[in-house]
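Inside the fold
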Amino acid sequence: MTRTLVLPAVSVLSNSGVGTTTDSAGAYSITVGEKDSIWFSYLNKPTPKFPVSAIVNPSAFDISLHVPVTELREVRVAPRNYKQDSAQNRLDYAKIFNYKKPGFELNSPANGFGVGVDLDQLINMFNFQKNRRMAHFRQFLIQEEQDKAVDHRFTRALVKKLTGLTDKPLDDFMKRYRPSYIFAMTSTDYEFAEYIKLAYDDFRGR
């Protein structure tokens, strides 16, 4: 069954470099010239370019994007999907991800009189070496997960396409201008591409 829904955060791009994104209602506004072309991009998947001169009603140009939602069996495929890997990683290391630093806690005994102490918690609280090791490993797994998420979006192919860089200059650019995890996860395709272009201008000026 096919359903049509509004789609926010779709990047609307043009040959002239002007761009915007769709709002929560799926609407957008962009100023372009008659000889310009526009196209749309969602999740790094661009549409064909549409010449403005060929658009019948430029003031209300709507387009439908096919976004498939599928349920896949649990199989290994290539290339690997970092989101699936991340979810599996969380399952494999659930004990580590859910680890909390032990603390001291008072509780009421089963008979309802007085105050008791959980001896297991008390012993665990003073197991300093194990606690440090668990906390360190948890932080390592979280950092590894975030690094893979950034790698999935900040790719050599994308940077090469937008900047034309190759070989060692491309390597230097990838290291120097690697975006933060928060920006990589929250920015739209347009905002992410603009960041790379601005970073490239800075890179050339050095």
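Nothing here was measured: the structure is a model prediction, and the numbers come from that model.

Parameters at a glance
- Residues numbered from 1 in each chain as written.
- Predicted model: local features only at pLDDT ≥ 70, side-chain atom pairs only at ≥ 80, totals over all residues.
- Heavy atoms only, no water.
- Helix = DSSP H or I, 4+ residues; strand = E, 2+ residues; numbered from the N terminus.
- Buried < 20%, exposed > 50% of the residue type's maximum accessible area, 1.4 Å probe, protein only.
- Contact = heavy atoms within 4.5 Å.
- Areas by Shrake-Rupley, 256 points an atom, 1.4 Å probe, with all protein chains shown as cover.
- pLDDT = per-residue confidence, 0-100.
- Expected span 1.5 Å × (residues − 1).
- Salt bridge = Lys/Arg side-chain N within 4 Å of Asp/Glu carboxyl O.
- Pairing = 2+ DSSP bridges.

**Brief notes about the overall build of the chain**
The secondary structure content of the chain amounts to eight helices and seven strands. The proportion of buried residues among the 206 residues of the chain is 27%. Residue pairs in contact within the chain that sit at least 24 positions apart in sequence constitute 44% of those at least 6 positions apart. As displayed, the chain offers around 15,300 Å² of accessible surface, 55% of which is attributable to carbon and sulfur atoms.

**A word on the confidence of the model for the chain**
On average, residues of the chain score 76 in pLDDT, and 67% of them are at 70 or above. Looking at the elements of the chain, mean pLDDT is at its lowest for strand S7 (residues 116-117), recorded as 47, and at its highest for helix H6 (residues 167-176), recorded as 95. pLDDT under 50 marks residues 113-117. Its contacts with residues more than four places away, or in other chains, come to 14 contacts.

**Some thoughts on the environment of Ile63**
Within the secondary structure layout, Ile63 lies in the loop between strand S5 (50-51) and helix H1 (82-92). For Ile63, a relative accessible area of 32% corresponds to the partly exposed category. Spatially, the C-alpha atoms of Ile63 and Thr47 are 9.9 Å apart, while their sequence positions differ by 16 residues. The contact partners of Ile63, leaving out residues within four places of it in the chain, are Phe40, Thr47 and Phe50.

**Considering helix H8 (residues 189-205)**
Counted at 1.5 Å a residue, the expected span for H8 with its 17 residues is 24 Å, and the 25 Å between its end C-alpha atoms agrees. All buried positions along H8 are accounted for by Asp189, Tyr190, Phe192, Ala193, Ile196, Ala199, Tyr200 and Phe203.

**Focus: the pattern of salt bridges**
Oppositely charged side chains may form a pair once their charged atoms are brought near each other. Counting across every chain of the model gives seven salt bridges. One salt bridge connects Arg156 with Asp171, and the closest N-O pair in it is separated by 2.4 Å. Separated by 15 residues along the polypeptide, Arg156 in helix H5 (residues 156-163) and Asp171 in helix H6 bring together distant segments of the chain. Classification of Arg156 by relative accessible area gives partly exposed; the value is 41%. Lys197 serves as the salt-bridge partner of Glu194, at 3.8 Å between the closest nitrogen and oxygen. Of this pair, Glu194 and Lys197 are both found in helix H8, three residues apart, which corresponds to roughly one turn of the helix. Assessed through its relative accessible area of 24%, Glu194 is described here as partly exposed. Relative accessible area serves as the criterion here: at 35%, Lys197 is assigned to the partly exposed category. Overlapping salt bridges, with partners in common, bring together Asp147, Asp151 and Arg178 in one network.

**Comments concerning the environment of Asp189**
Tracing the chain through its elements places Asp189 in helix H8. By relative accessible area, which is 13% here, Asp189 ends up buried. Non-local contacts of Asp189, meaning those with residues more than four positions away in its chain, are made with Ser11, Ser41, Tyr42, Leu43, Asn44 and Arg153.

**A word on the pairing of strand S1 (residues 11-14)**
Here S1 shows no split at all, with Ser11 and Leu13 on one side and Val12 and Ser14 on the other all buried. Examined bridge by bridge, S1 and strand S2 (residues 19-21) share three bridges and lie antiparallel to one another. Considered in S2, the bridge of Leu13 is made with Gly19. Between S1 and S2, which follow one another and run antiparallel, lie four residues, and Gly17 among them has a positive phi close to 100 degrees.

**A look at the pairing of strand S3 (residues 37-42)**
Counting buried positions along S3 yields five of six residues, so the element is predominantly enclosed. Bridging between S1 and S3 involves four bridges; their strand directions are antiparallel. Among the inter-strand pairings, Ser14 is bridged to a residue of S3, identified as Ile38. Pairing analysis gives two bridges linking S3 to S5, with the strands arranged antiparallel. Paired with Ile38 across the bridge in S5 is Phe50.

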